[in-house]
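# Fold and contact review
The primary structure of each chain is shown beneath.
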Amino acid sequence: MCAENLRKVIPNGDEAPLVILDGVDLTVFAGEAVAIVGASGSGKSTLLGLLAGLDVPSEGTVLLQGSPLFSLDEDERAALRGRLIGFVFQNFQLLPTLTALENVMLPLELGGVDDAGQRSREWLDRVGLSHRVHHYPRTLSGGEQQRVALARAFVTSPKVILADEPTGNLDTATGEAVIELMFSLREREGTTLVLVTHDASLARRCDRILKMHAGRLVQ
Ligand SMILES: Nc1ncnc2c1ncn2[C@@H]1O[C@H](COP(=O)(O)OP(=O)(O)OP(=O)(O)O)[C@@H](O)[C@H]1O
Ligand SMILES: [Mg+2]
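Residues numbered from 1 in each chain as written. Chains lettered and ligands numbered in written order. Predicted model: local features only at pLDDT ≥ 70, side-chain atom pairs only at ≥ 80, totals over all residues. Heavy atoms only, no water.

This brings us to unusual backbone geometry. With a phi angle near 50°, Gln65 is a residue other than glycine that sits in the positive phi range. You can see Gln65 is positioned in the loop between strand S4 (59-64) and strand S5 (67-68). By relative accessible area, Gln65 is classed as exposed at 54%. You will see that Ala214, though not glycine, has its phi angle at about 45°, which is positive. (Helix = DSSP H or I, 4+ residues; strand = E, 2+ residues; numbered from the N terminus. Buried < 20%, exposed > 50% of the residue type's maximum accessible area, 1.4 Å probe, protein only.)

With that settled, the discussion passes to the site of ligand 1. In the region of ligand 1, the neighbouring residues are Ile10, Leu18, Ile20, Ala39, Ser40, Gly41, Ser42, Gly43, Lys44, Ser45, Thr46 and His198. The contact in question runs from an oxygen atom of ligand 1 to an N or O atom on the backbone of Gly43, over 3.0 Å. At 2.8 Å, a side-chain N or O of Ser45 approaches an oxygen atom of ligand 1. Residue assignment for the shell around ligand 1 shows that the elements contributing at least two residues are strand S2 (18-27) and helix H1 (44-51). By residue number, the principal contributor to the shell around ligand 1 is H1, which donates three residues. The residue makeup of the shell around ligand 1, split by class, is four nonpolar, seven polar and one charged. (Near = heavy atom within 4 Å. Polar contact = N/O pair within 3.5 Å; in protein donor to acceptor, adjacent residues only side chain to side chain. Nonpolar A, V, L, I, M, F, W, Y, C, P; charged D, E, K, R; others polar.)

Before going further, it helps to spend a moment on the state of the cysteines. In protein chemistry, a disulfide is the covalent bond that joins the sulfur atoms of two cysteines. By the definition in use, this model includes zero disulfides. For Cys2, which is in no disulfide, the shortest distance to another cysteine sulfur is to Cys206 and amounts to 19 Å. (Disulfide = S-S within 2.5 Å.)

Strands in a sheet are paired, the pairing made by backbone hydrogen bonds, and the direction either parallel or antiparallel. Spatial strand order, S6-S7-S8-S3-S9-S10: six strands in an open sheet with mixed pairing. Each edge of the open sheet carries a strand with a single partner, namely strand S6 (85-88) and strand S10 (216-218). Strand-to-strand, the axes of this sheet are offset by a mean angle of 25°, without reference to chain direction. Where strand S3 (residues 33-38) and strand S8 (residues 192-196) come together, four bridges link them in parallel fashion. Counted as the bridge partner of Val34 is Val194 from S8. Strand contacts of H1: S3, S6, strand S7 (160-164), S8 and strand S9 (208-213), with the helix running at about 155° to S7, the strand carrying the most contacts. Relative to S8, helix H6 (residues 172-189) is tilted by about 155°, and along the sheet it contacts S3 and S8. (Pairing = 2+ DSSP bridges. Axes fitted to C-alpha atoms, helices over the stretch in contact; angles between N-to-C directions. Contact = heavy atoms within 4.5 Å.)

Attention shifts here to the confidence of the model for the protein. For the protein, mean pLDDT is 92; residues scoring 70 or higher make up 100% of the total. Ranking the elements of the protein by mean pLDDT puts H6 last with 84 and strand S1 (residues 2-10) first with 97. (pLDDT = per-residue confidence, 0-100.)

In spatial order, the strands read S2-S1-S4-S5; together these four strands make up an open sheet with antiparallel pairing. Here the strands that pair on one side only, and so sit at the sheet edges, are S2 and S5. Pairing of S1 with S4 involves four bridges; the strand directions are antiparallel. Bridging from a neighbouring strand, Ala3 pairs with Val62 of S4. Sheet contacts for H1: S1, S2 and S4; angle to S2, the most-contacted strand, approximately 55°.

Within the largest apolar cluster, 39 residues are counted, with the highest numbers of intra-cluster contacts made by Leu124, Val148, Phe154, Phe183 and Leu195. Listed by contribution, the elements that provide at least two residues to this core are S3, helix H3 (100-110), helix H4 (116-126), helix H5 (142-154), S7, H6, S8 and helix H7 (200-205). If you look at the next biggest cluster of nonpolar residues, it comprises 28 residues, including Leu47, Leu64, Val196 and Leu210. (Core = buried A, V, L, I, M, F, W, Y, C linked by side-chain atoms within 4.5 Å.)

Compared with the 26 Å implied by 1.5 Å per residue over 18 residues, the 26 Å span of H6 between its first and last C-alpha is a close match. Every buried residue of H6 is accounted for by Gly175, Val178, Ile179, Leu181, Met182, Phe183, Leu185 and Arg186. As for H6, its buried residues are in contact with S3, H4, H5, S8 and H7. You can read the cap of H6 off the contacts: a side-chain oxygen lies 3.0 Å from the backbone nitrogen of Ala173, and it is on Asp171. Taken from the residues just after H6, Gly190 is the one with a positive phi, measuring 70°. (Expected span 1.5 Å × (residues − 1).)

Here it is in structure tokens:
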């Protein structure tokens, strides 16, 4: 995937507009693992949201498998995202009224896959949660919820996983376990990883570390 001159500017009443992303260029090669680091407020989550097409930029383009994301309408963009991207949010964003299994099944069902139940069970098994499939998120620990979120991100066999602080809410040991899991899943599936993280041990596992400062990528 590739981003060119991404800018995100937000009007700010009578004040000068807020420049949140200030011309970001980025190429991520297939199969690569890239860490994005930088201070709080430097624009990392905003960049990740644009790479996923969850948000639209003020200027600039994102090419996903050759398709310019922002030339598509919202439905087309959602369909492309569903096919190619898995997203892991910092706060998991599991749906509270769905069980672990149903949360993992959701992206498959949205994509019209028929063996959603079986595939989802396999992924829950892979992340070590076959004994928790019928649990609701509130009855799962933080690490367990994070693993459900990973199963949900990987279940569609996406080309790219975008993860915002995938270990941010976990203790060191659980964080390490989640890192191991993510990289072993990547090994198996050849998935490209773009990870926003403050976690030095996670960043070191990646092929490349990119640093953001005040809305720009700095080397
Ligand atoms: N919709 C918005 N309206 C106004 N300001 C916003 C909006 N979205 C983000 N910002 C501002 O843009 C800046 C970058 O936000 P972003 O969430 O991308 O930072 P971040 O690098 O992910 O930080 P953190 O490490 O704390 O998660 C912040 O100063 C934030 O307050
Ligand atoms: Mg953030």
